[in-house]
Amino acid sequence: MEPPKPTDDEELSRAEREALLGAMPPGDWARANSLARMAAYGLAEMGPDDLLQEAMTDLVSLDRTWRRGVAPLVTLKVAMRSIASNARKKAANAPIDQYATVSTGEDDPPDSGPRPVHALDELSPADIADGREQLAWIERAVEGDSEAELVLMAWIMGYSGQEARSETGLDAKQFDAARQRLMRKLKPLAAVRNTK
């Protein structure tokens with residue numbers, strides 16, 4: 001009697017995970033590094049190398065799910081996004097804002113009284129909600145198109161042209177095709193924004 005064949009729902013063993021990561025081609029490692037830079041963008045506590053290292057450590061130690069049949073690069077991307085998302089939530093819920101400027105009082109003139117507090121963000125709650133809704137829509141629009149996601153993340157980070165292509169790790173033809181797909185996917189949102 002033969003043992004049952006593994007299904008796609010089954011997780012990979014530690015040895016299988018190590019073998020798949022070890023067999024990743026250099027091009028996929030370059031893309032993984034680009035994905036790490038994009039996922040770590042804006043994180044104060046963690047850089048891209050730290051993020052990629054933590055994702056690999058979590059995967060090899062079986063702390064993160066890796067389903068059979070899912071490519072290593074896709075699994076790394078999902079793991080890094082999850083780790084980065086958790087780090088952002090942790091920072092947002094921290095008792096002290098990591099970007100706040102704190103005075104020690106040494107530079108304050110004597111008897112200067114309390115200093116006024118100035119808002120850094122002049123957006124209204126409605127503006128913030130609208131922006132979040134638009135971002136969620138964009139994420140859904142590009143979901144499943146990893147190359148378009150790379151182009152989008154490069155744009156979000158402020159890269160354009162050759163610099164954006166270099167950041168994504170895509171060749172010129174792949175980048176142009178992904179950029180065109182992304183523009184087609186964003187067209188409905190641009191039309192809605194133009195009517196407001």
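Residues numbered from 1 in each chain as written. Predicted model: local features only at pLDDT ≥ 70, side-chain atom pairs only at ≥ 80, totals over all residues. Heavy atoms only, no water.

Chemist: Give me the lowdown on the pattern of salt bridges, citing residues and values where you can.
Modeler: Throughout the structure, instances matching the rule amount to 12 salt bridges. Its salt-bridge partner being E16, residue R68 comes within 2.9 Å of it at the nearest N-O pair. Taken together, the residues span a long stretch of sequence, with R68 in the loop between α3 (48–60) and α4 (72–92) and E16 in helix α1 (residues 14–22) at a distance of 52 residues. Owing to a relative accessible area of 30%, E16 belongs among the partly exposed residues under this scheme. (Salt bridge = Lys/Arg side-chain N within 4 Å of Asp/Glu carboxyl O. Helix = DSSP H or I, 4+ residues; strand = E, 2+ residues; numbered from the N terminus. Buried < 20%, exposed > 50% of the residue type's maximum accessible area, 1.4 Å probe, protein only.)

Chemist: So what's going on with the nonpolar core? Residues and values would help.
Modeler: Counting 38 residues, the largest nonpolar core has L51, L52, L76, M80 and L182 as its most contacted members. Only α2 (26–40), α3, α4, α5 (125–142), α6 (146–156) and α8 (172–194) provide two or more residues apiece to this core. (Core = buried A, V, L, I, M, F, W, Y, C linked by side-chain atoms within 4.5 Å.)

Chemist: Just give me the short version of the confidence of the model for the protein chain, but keep the residues and values in it.
Modeler: Counting all residues, the mean pLDDT for the protein chain is 80, and 78% of those residues have values of 70 or more. For the protein chain, the element scoring lowest by mean pLDDT is α5, at 77; α1 scores highest, at 95. (pLDDT = per-residue confidence, 0-100.)

Chemist: Talk me through the layout of surface pockets; I want residue IDs and the actual numbers.
Modeler: Left-over empty space is what a probe sized like a water molecule reveals as it rolls over the atoms. In this model, the largest pocket occupies a volume close to 930 Å³. The wall of the largest pocket is formed by 22 residues, among which R88, L135, E139, M153 and I156 lie closest to the centre. Looking at the lining of the largest pocket, the elements that each hand over two or more residues are α2, α4, α5 and α6. (1 Å grid on protein atoms, 1.4 Å probe; cavity = no way out; pocket = protein on both sides within 12 Å on 5 of 7 lines; lining within 4 Å. Points joined across faces, edges and corners; volume = space filled by probe spheres on them.)

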